[in-house]
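Close look at the chain arrangement
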Amino acid sequence: MVTRAPVETRPTTLGFSLNSFFRWLGGLNPIVQIPIIVVVFGAVVGLILLLIEYAPRPGRGYFWLRLAACFLLPVLAFMLLRPYQNAVIYVLGIAVILGAVLFWADYRSRQGAGYLFQLILFAAPATILLLVGLIYPAISTLVQSFFDKTGDNFVGLDNYIWTFTNPEGFWSVINTLIWVLLAPTFATAIGLAYAVFIDRAKGERVLKILIFMPFAISFVGAGIIWKFIYDFRQGDQIGLLNGIVTAFGGQPVTWLAAQPLVNTLLLVVVFIWSQTGLAMVILSAAIKAVPPEQMEAAELDGANAWERFRNVTVPGIRSSLIVVVTTIAIGALKIYDIVAVMTGGRNDTTVLAFEMVNQQQRFQSYGHSAALAVVLFIFVLPLIIFNVRQIRKQREIR
Amino acid sequence: MTISTEVVEPVVDSRSARQVARDTRRHEAMARKRLTSKGATIAAIVIAFFWTIPTFGLFITSFRPGSDTQSSGWWTVFVDPAFTLDNYRQALTSGGTALTLGASFLNSLAITIPVVVFALAVASLIAYAFAWIDFKGRNFFFIFIFALQIVPLQMALVPLLSLFSRGLTINDVTIFPGLELRGIEHSFATVWIAHVIFAMPLAIFLLHNFIAEIPHEVIEAARVDGAGHGQIFFRLILPLAAPALASFAVLEFIWVWNDLLVATIFAPSSSLPLTQSLNSLSGTWGDQWFLQSAGTFISILVPLIVFFALQRFFVRGLLAGATKG
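Because the structure is predicted, anything quoted here is derived from the model rather than measured. (Residues numbered from 1 in each chain as written. Chains lettered and ligands numbered in written order. Predicted model: local features only at pLDDT ≥ 70, side-chain atom pairs only at ≥ 80, totals over all residues. Heavy atoms only, no water.)

Considering empty space enclosed by the protein
With the rule as written, the count across this model stands at three cavities of 30 Å³ or more. Estimates place the volume of the largest cavity at around 60 Å³. In terms of lining residues, the largest cavity is bounded by Ser140, Thr141, Gln144, Met356, Tyr366, Ser369 and Ala370 of chain A together with Gln154, Met155, Val158 and Pro159 of chain B. Of all the secondary-structure elements, those providing two or more residues to the lining of the largest cavity are helix H5 (115–144) and helix H17 (366–397) of chain A together with helix H7 (153–166) of chain B. (1 Å grid on protein atoms, 1.4 Å probe; cavity = no way out; pocket = protein on both sides within 12 Å on 5 of 7 lines; lining within 4 Å. Points joined across faces, edges and corners; volume = space filled by probe spheres on them. Helix = DSSP H or I, 4+ residues; strand = E, 2+ residues; numbered from the N terminus.)

Digging into the packing of aromatic side chains
Under the definition given, this model contains 27 aromatic pairs over all chains. Aromatic side chains Trp226 of chain A and Trp273 of chain A sit 5.6 Å apart centroid to centroid with 70° between the ring planes, which places their arrangement in the edge-to-face category. Taken together, the positions of Trp226 of chain A in helix H9 (residues 219–230) and Trp273 of chain A in helix H11 (residues 262–289) put the pair 47 residues apart, joining distant regions of the chain. Relative accessible area serves as the criterion here: at 10%, Trp226 of chain A is assigned to the buried category. Look at Phe130 of chain B and Phe142 of chain B: their rings are 5.5 Å apart centre to centre, the planes differ by 70°, and that puts the pair in the edge-to-face class. Of this pair, Phe130 of chain B sits in helix H5 (residues 101–132) while Phe142 of chain B sits in helix H6 (residues 138–147), placing them twelve residues apart in sequence. Neither residue differs from the other here; Phe130 of chain B and Phe142 of chain B are each classed as buried. Pairwise contacts between aromatic rings join Phe130, Phe135, Phe142, Phe146 and Phe205 of chain B into one cluster. (Phe/Tyr/Trp six-rings, centres within 6.5 Å; stacked < 30°, edge-to-face > 60°. Buried < 20%, exposed > 50% of the residue type's maximum accessible area, 1.4 Å probe, protein only.)

Describing a nonpolar patch on the surface
On the surface, Ile42, Val46, Phe49 and Phe50 of chain B cluster together into a nonpolar patch covering about 420 Å² of accessible area. Relative to the elements of secondary structure, Ile42 of chain B occurs in helix H2 (residues 38–62). (Patch = residues over 30% accessible without salt bridge, like charges linked within 9 Å, V, L, I, M, F, W, Y side chains within 5 Å. Areas by Shrake-Rupley, 256 points an atom, 1.4 Å probe, with all protein chains shown as cover. Salt bridge = Lys/Arg side-chain N within 4 Å of Asp/Glu carboxyl O.)

Topic: the packing of H6 of chain B against helix H8 (residues 189–213) of chain B
Residue and element names in this part refer to chain B. The N-to-C vectors of H6 and H8 enclose an angle of 135°; their axes lie 7 Å apart at closest approach. Put simply, H6 runs oblique to H8. Remark: the crossing between H6 and H8 carries left-handed chirality. Within the contact between the two elements, H6 uses Phe142, Ile145 and Phe146 and H8 uses Pro201, Ile204, Phe205, His208 and Asn209. The residue makeup of the contact of H6 with H8, split by class, is six nonpolar, two polar and no charged. (Axes fitted to C-alpha atoms, helices over the stretch in contact; angles between N-to-C directions. Parallel < 35°, antiparallel > 145°, perpendicular 65-115°, else oblique. Left-handed = near helix turned anticlockwise from the far one by under 90°. Contact = heavy atoms within 4.5 Å. Nonpolar A, V, L, I, M, F, W, Y, C, P; charged D, E, K, R; others polar.)

Pasting the structure below:
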């Protein structure tokens, strides 16, 4: 029964279901799973495209095709989601109503029969995913942030007060601000400078690859690589940084425990190291797209290299710069891996995105973690608003 | 007159073509000299040097005998060289928690390849609708989807996880029964779905920008010939957007391959990827740098290969639409 709690009646599958398919697939070797799932997925996309192709044709046969699809697709969708025993009636009922509405709306559509049907087929997969995976969870988390640890009692703004007064919460906010200010600035500046320096230089390809390589390394890998640089021990040093310090006769430093803020800055360095490659590749492409005539004209006017850069290059790549800065800034706001691998949030290096998972996994404190997520959300907000305004402007020009 | 010039022309042309080529080359060399200063190149080399040092250090370490790495810095290798391949053999066969690095390497492949295919297909379908089907509120929905990047992954984790495992029940009415895949060995379904969802906003945005740039005449001509949206999408859009698809595939591949968080949350323990094994290595093995460094290089290998294989699309494709002012 649809209305019965799933705990009481052990649900039985109605023949084939999405779930049973995934269960069967899970039993196979990981490598064998790849071609199977890709082929099955390809078949589904192929079916969608076939229906899209034939939907708007006039004629009796196509009318029946549309009609059948409108009813069959919802039925299939429900069957795949593993309906419960005795629920066939409900499933059929819901599917028939949905199908009827869909077909009727399409039939009445001003743009002609098949129009809405096509549009829905194109948009449905992505829309369902976004609804299930982003919109519903975002709302759910927002609600959760006003409830206590267990999620049962309403506590108002307590979780938010905790965020700004508890040391973990407080440091996660401060550090996140440091991350989002420093990381995009430095990564973009160095990436841009490098892109300008190597433009038309000899061995451009090799130089590009050297900087891009860290971008292809996971944050976990980067964390291990840099832990090795920051390593501290008694006696002979194996970490490069302390190796240099001791070579000059200094005392070795426990870099990742150095407070205040030194350790956080060292973590930010890892992130900058990794993201500069992305900034460089995108900006380098943008620089090459700046018309050379403008460069030459500026040169004839007697502009020196710096003036040419400021007055010709930078305006020419403005929109790329915005894309790069926002992408890296959003990445810095959501940073989790580097902190998790290198310090585990100890010694006040925690950030919002890490602390959020930490609260949830280690302390099972869902209210706190939801509040941290919402604070993170508020931090991303201005960046997105700025970008949306940029897109709006661009679309008006078009 | 006309006949004679016709005979002579090719000869003149070919010679001038060679001359032109030589001249252009000379001009380019001059322009290059004028526009790049020695200082800039030296600065670039200095930056490249500093950027490569960390990786280089670990690379050297991955070939040094384990006992050496514990006692001396990797730079001593220049005075006292000693190398071995043993680290790689050991790293592949010994594991962090439950999985060996070799097994989690396969898991990483099984997670990443389908995700890239799914994300590209689903995103390009809706991107096409946004670009070439006129409907009410098109601009609004497009900007709304772009703005969904606002939702941090972390915000979606817990609800999505409970949706997968327990389903959704509102007022005792089961809307979605849950997938119950947690106990299945080597089940990647939840990781696939989660990754594809999180990739959606950016993928739709970038692919739409490219697909919308395809000249109107091409689409019109196909339509006149009687092709429907399905054929246009399959026969025209996919081939024409190949550079954009390829470059997004590279990015998405690198991101998914390198992801730690999503897999840690959604994958059952037998399906954890390489990053997770590496991470637990650094926890359980503590100071065993020789194994960690070898493991790290195994994990870097695949994204680098993918990048080198597809890099010629990388710049051209994505940026054609994305950064147009």
